[in-house]
Amino acid sequence: MNLSEFKELLYSKVVSILNQEKLNEPLNMNRPINDYFINSTHNTYLTGHQLAGKSSVYMYSSAMLEGYRLMYH
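About the thresholds
- Residues numbered from 1 in each chain as written.
- Predicted model: local features only at pLDDT ≥ 70, side-chain atom pairs only at ≥ 80, totals over all residues.
- Heavy atoms only, no water.
- Helix = DSSP H or I, 4+ residues; strand = E, 2+ residues; numbered from the N terminus.
- Contact = heavy atoms within 4.5 Å.
- Areas by Shrake-Rupley, 256 points an atom, 1.4 Å probe, with all protein chains shown as cover.
- pLDDT = per-residue confidence, 0-100.
- Buried < 20%, exposed > 50% of the residue type's maximum accessible area, 1.4 Å probe, protein only.
- Polar contact = N/O pair within 3.5 Å; in protein donor to acceptor, adjacent residues only side chain to side chain.
- Patch = residues over 30% accessible without salt bridge, like charges linked within 9 Å, V, L, I, M, F, W, Y side chains within 5 Å.
- Salt bridge = Lys/Arg side-chain N within 4 Å of Asp/Glu carboxyl O.

Enquirer: Just to check I follow, could you spell out the overall build of the chain for this structure?
Expert: For the chain, the count of helices and strands is three helices and two strands. Reading the chain from its N end, one meets helices and strands in the order α-α-β-α-β. Long-range pairs, those at least 24 residues apart, make up 48% of the contacts in the chain between residues at least 6 apart in sequence. Accessible area for the chain stands at about 6,600 Å²; split by element, carbon and sulfur atoms hold 56% of it.

Now the structure itself:
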């Protein structure tokens, strides 16, 4: 398998962890906050630079206040 074929496999539906049917549903953002989760990376807690920045639990609440949440299915 060459690099091009490998990239094609990575982006194919065969290895997708996402439920494609759910992605096409309209989001209902009127549910209680407990029904949502933060769509974030492992770097969400950082206040600055990825390697030299400080971390803070408040960065998660900041992300939520900015609207970074998806409906939990």
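Enquirer: Before we go on, may I ask you to explain the confidence of the model for the chain in this structure?
Expert: Parts of the prediction with low pLDDT should not have their coordinates interpreted in detail. Mean pLDDT for the chain: 76, with 85% of residues reaching 70 or above. Confidence scores differ between elements of the chain, with strand S2 (residues 69-71) showing the lowest mean pLDDT of 51 and helix H1 (residues 3-10) the highest of 86.

Enquirer: How should the environment of Met64 be read in this particular structure?
Expert: As for its placement among the helices and strands, Met64 is situated in helix H3 (residues 58-65). Since its relative accessible area comes to 28%, Met64 is described here as partly exposed.

Enquirer: Can you help me understand the side chain of Ser56 in this one?
Expert: With respect to the element layout, Ser56 can be found in the loop between strand S1 (36-38) and H3. Among the polar contacts listed, one links the side chain of Ser56 to the backbone nitrogen of Tyr58, at a separation of 3.1 Å. Those residues in contact with Ser56, other than ones at most four positions away along the chain, are Tyr45 and Thr47.

Enquirer: Teacher, can you tell me more about a nonpolar patch on the surface here?
Expert: A surface patch of nonpolar side chains, amounting to about 920 Å² of accessible area, comprises Met1, Leu3, Phe6, Leu9, Leu10, Tyr11, Val14 and Val15. By the secondary structure assignment, Leu9 is in helix H1. Given a relative accessible area of 33%, Leu9 falls into the partly exposed group.

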